[in-house]
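Listed here are the chains, written in short residue letters.
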Amino acid sequence: MQADPNPTVVRINLGARSYPIAIGSDFAALAAGAAGLPAGTAALIVTNDTVAPLYNQTLVDRLVAHYSHVHTVTLPDGEEHKTWPTLNLIFDALLTHGCDRKVVLYALGGGVIGDMTGFAAACYMRGVDFVQVPTTLLAQVDSSVGGKTGINHPLGKNMIGAFHQPRLVLCDLSTLDTLPARELAAGIAEVIKYGPIADMELFAWLEANMDALLAREPQALAHAVKRSCEIKASVVGADEREAGLRAILNFGHTFGHAIEAGMGYGVWLHGEGVAAGMVMAAELSRRLGLVDAAFVQRLRTLTERAGLPTRGPVLDAQDNAGRYLQLMRVDKKAETGEIRFVLIDGPGRAVLRAAPDALVREVIDACCVA
């Protein structure tokens, strides 16, 4: 993909913490289109051992004109490494290089790298600037935007973290050319999510353009990323710290996080868990009388076309539903042990509410692999 001298820019409006999301190609062109890189005494690129050989030197070459020192720390790749020991490698690098509070961190990678880099930036010297440079579709359409940062705990996903907004997000669509097909599909799950909760026109567009997305056609990818970022920017701008509205962005995630934790982090990709979780949440919505069976089938069909799972795994052969419920009680949306689900209150409209355990058990039994 050739460099785009005029990238698309979506702004996320948060007062003094507002920032642009630049979508196009070539890191330098994106930064210029977004009005430049944040000033600092040094830059630290945080990446992983899969992405580093592909894009680290390119980013270094773009940053050396802006910072007197550009350092890199390379972490192991995978959700299973989203832990305190791995996070500490970032602090080790910052301290070893004598970085002060004017350092700017650059998160070059997918959602795991973005979450950990943001959390490190929130903590180092009580807060330094960082820039998101997402290289996966999932990160470009979701996790790089909105300032949620953190790491996993064996008992729950993303349970340790902070809200810390980036200064800038650079979505270079050309990095998606090297993305494995399974990772591409996982990112599409997060794009699909935006339809049922906010924009059924996007959902219809996905039905018409799924083949183009899977073929990585540039115009299709650009539209999917742009519209996803617009929806997320609107929601986050209205509810930065998830006091209410922002929770709708977690459609499918309550079931999905249980799958990830129950299977062991990294066995199922995040987007795969979300995909099966969306179908389960839609079925729960149907059983509560909020949507009809046709809507659930429409969601299931689109998810299958993306090459994503639509049935959850069995986490416990003796009491599968009980294991799901146990894991879902360790969820950021839970209150006093009561699980609250993002449900579809009619296509394009989401609601956060609880459901009886007995009904949730029925859904899990109906929606998991026999």
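Criteria and cut-off values
Here, residues in each chain are numbered from 1, in the same order as that chain's written sequence. With pLDDT at 70 or above as the cut-off, local features in this predicted model cover only qualifying residues; side-chain atom pairs require 80 or more to be listed or tallied, and sums for whole chains, interfaces and linings still use all residues. In computing side-chain values, all of the structure's heavy atoms are included and hydrogens and water are not. Secondary structure elements follow DSSP: runs of H or I of four or more residues count as helices, runs of E of two or more count as strands, with numbering from the N terminus. Every radius of gyration here is taken over C-alpha atoms, with the globule rule written as 2.2 Å times N^0.38, N being the number of residues. Residue contacts follow a heavy-atom distance rule, with two residues in contact if any of their heavy atoms lie within 4.5 Å. By the counting rule applied here, Lys and Arg register as positive and Asp and Glu as negative, while His and the ends of each chain are not counted. For the purpose of locating charges, the reference atoms are NZ of Lys, CZ of Arg, CG of Asp and CD of Glu. Each patch is built from residues that are more than 30% exposed by relative accessible area and take part in no salt bridge. Like charges join if they lie within 9 Å; nonpolar side chains (Val, Leu, Ile, Met, Phe, Trp, Tyr) join within 5 Å. The method behind every accessible area is Shrake-Rupley, applied with a 1.4 Å probe, and residues are considered shielded solely by the protein chains displayed. Should a side-chain nitrogen of Lys or Arg be within 4 Å of a carboxyl oxygen of Asp or Glu, the pair is scored as a salt bridge. Between the first and last residue of a helix there are one fewer steps than residues, each counted as 1.5 Å, and that sum is the expected span. The classification of residues rests on relative accessible area computed with a 1.4 Å probe and restricted to protein chains. Under 20% of the type maximum is buried, over 50% is exposed, and intermediate values are partly exposed. For this quantity, the arc is that covered by the directions from the helix axis to the C-beta atoms.

**Remarks on the overall build of the chain**
Next up, step 1: Across its full length, the chain carries 13 helices and 11 strands.
Next up, step 2: For 370 residues, the compact-globule formula gives about 21 Å, and the C-alpha radius of gyration of the chain, at 20 Å, lands near that figure.
Next up, step 3: Judged by the C-alpha coordinates and their principal axes, the chain covers about 60 × 40 × 35 Å.
Next up, step 4: Long-range contacts, defined here as pairs at least 24 residues apart, represent 74% of the contacts in the chain between residues at least 6 apart.
Next up, step 5: Computed over 32 positive and 39 negative side-chain charges, the separation of the two mean positions in the chain equals 5 Å.

**Quick notes on unusual backbone geometry**
Next up, step 1: The backbone of Asp26 shows a phi angle near 75°, a positive value even though the residue is not glycine.
Next up, step 2: Mapped onto the secondary structure, Asp26 falls in the loop between β2 (19-24) and α1 (27-33).

**Quick notes on a negative patch on the surface**
Next up, step 1: Together, Asp49, Asp77, Glu80 and Glu183 make up a negatively charged patch on the protein surface.
Next up, step 2: Residue placement: Asp77 occurs in the loop between β4 (70-75) and α3 (84-96).

**Describing helix α11 (residues 293-305)**
Next up, step 1: The terminal C-alpha atoms of α11 lie 18 Å apart, and with 13 residues this matches the ideal 18 Å at 1.5 Å per residue to within 8%.
Next up, step 2: Of the residues making up α11, those classed as buried are Phe295, Val296, Leu299, Leu302 and Thr303. Across the axial projection of α11, the buried residues extend over an arc of 130°, all falling on one side.
Next up, step 3: Residues of α11 that are buried make contact with α6 (181-198), α7 (200-214), α10 (270-287) and β10 (340-344).
Next up, step 4: Once α11 ends, the next one or two residues include Gly307, with phi positive near 80°.

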